[in-house]
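Fold and geometry: a report
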Amino acid sequence: QVQLVESGGGLVQPGGSLRLSCAASGSIFRLYVMRWYRQAPGKQRELVAGITSGGSTNYADSVKGRFTISRDNVKNTMYLHMNSLKPEDTAVYYCYADHQNIATLEMRGYWGQGTQVTVSS
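Notes on the structure in this doc start here. (Residues numbered from 1 in each chain as written. Predicted model: local features only at pLDDT ≥ 70, side-chain atom pairs only at ≥ 80, totals over all residues. Heavy atoms only, no water.)

**Points about the sheet that holds strand E8 (residues 77-82)**
- The 4 strands are arranged E1-E3-E8-E7 in an open sheet whose pairing can be described as antiparallel. Strands with a single pairing partner mark the edges of an open sheet, and in this sheet they are strand E1 (2-7) and strand E7 (67-72). Ignoring which end each strand starts from, the neighbouring axes of this sheet average 15° apart.
- By the bridge criterion, 6 bridges tie E1 to strand E3 (residues 18-26) in an arrangement that is antiparallel. (Pairing = 2+ DSSP bridges. Helix = DSSP H or I, 4+ residues; strand = E, 2+ residues; numbered from the N terminus. Axes fitted to C-alpha atoms, helices over the stretch in contact; angles between N-to-C directions.)

**A look at the pattern of salt bridges**
- Applying the stated criterion across every chain, the model contains 4 salt bridges.
- Aspartate 61 is the salt-bridge partner of lysine 64, the closest N and O atoms lying 3.2 Å from each other.
- Across the salt bridge formed by arginine 66 and aspartate 89, the nearest N and O atoms sit 2.8 Å from each other. One end of the pair, arginine 66, is in the loop between strand E6 (57-59) and E7; the other, aspartate 89, is in the loop between E8 and strand E9 (91-100), with 23 residues separating them in the sequence. Just as arginine 66 is buried, aspartate 89 falls in that class too.
- Among the charged side chains, a network of salt bridges with common partners joins Arg38, Glu46, Arg66 and Asp89. (Salt bridge = Lys/Arg side-chain N within 4 Å of Asp/Glu carboxyl O. Buried < 20%, exposed > 50% of the residue type's maximum accessible area, 1.4 Å probe, protein only.)

**Some details on the packing of aromatic side chains**
- Taken as a whole and judged by the stated rule, the model has 3 aromatic pairs.
- Pairing tyrosine 37 with tyrosine 96 gives two aromatic rings, centres 6.3 Å apart and planes at 80°, and the pair type is edge-to-face. Highlighted residues: tyrosine 37 in strand E4 (residues 30-39) and tyrosine 96 in strand E9, separated in sequence by 59 residues.
- Residue classification places tyrosine 96 among the buried residues on the basis of a relative accessible area of 13%.
- Ring pairs connect the aromatic residues Tyr37, Tyr96 and Trp111, which therefore count as one cluster.
- Lying across the ring of tyrosine 94, arginine 45 places its NZ or CZ 3.8 Å from the centre.
- The ring centre of tryptophan 111 lies 4.7 Å from the NZ or CZ of arginine 45, which sits over that ring. (Phe/Tyr/Trp six-rings, centres within 6.5 Å; stacked < 30°, edge-to-face > 60°. Lys NZ or Arg CZ within 6 Å of the ring centre and 35° of its normal.)

Honestly, that's just the spatial picture; any functional story needs more than this.
In structure tokens:
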């Protein structure tokens, strides 16, 4: 079993910055792709950014140039550096990870519980 815990959310003014963290713990064998998603009130959950174990990244068009995803494979932690935040970035941010079980080699996806980011003056 793998647990993902997000942290770093909060209230920030427009134009400000935040850094989110997603720490994986438990019976970790191999984490593959990790992603950040977000869900605003009344909207569907959307992909924000993703990163492979090798460091390849992809971003939603709405955050390109403002957000940077990274990961520390030793610490089993993923980050999302968010700059130039806008009110429309307000949402609950969730992390996701694909994990391979050491015993069965089965791949399974895990979600964190989410962290609130509010951008408002």
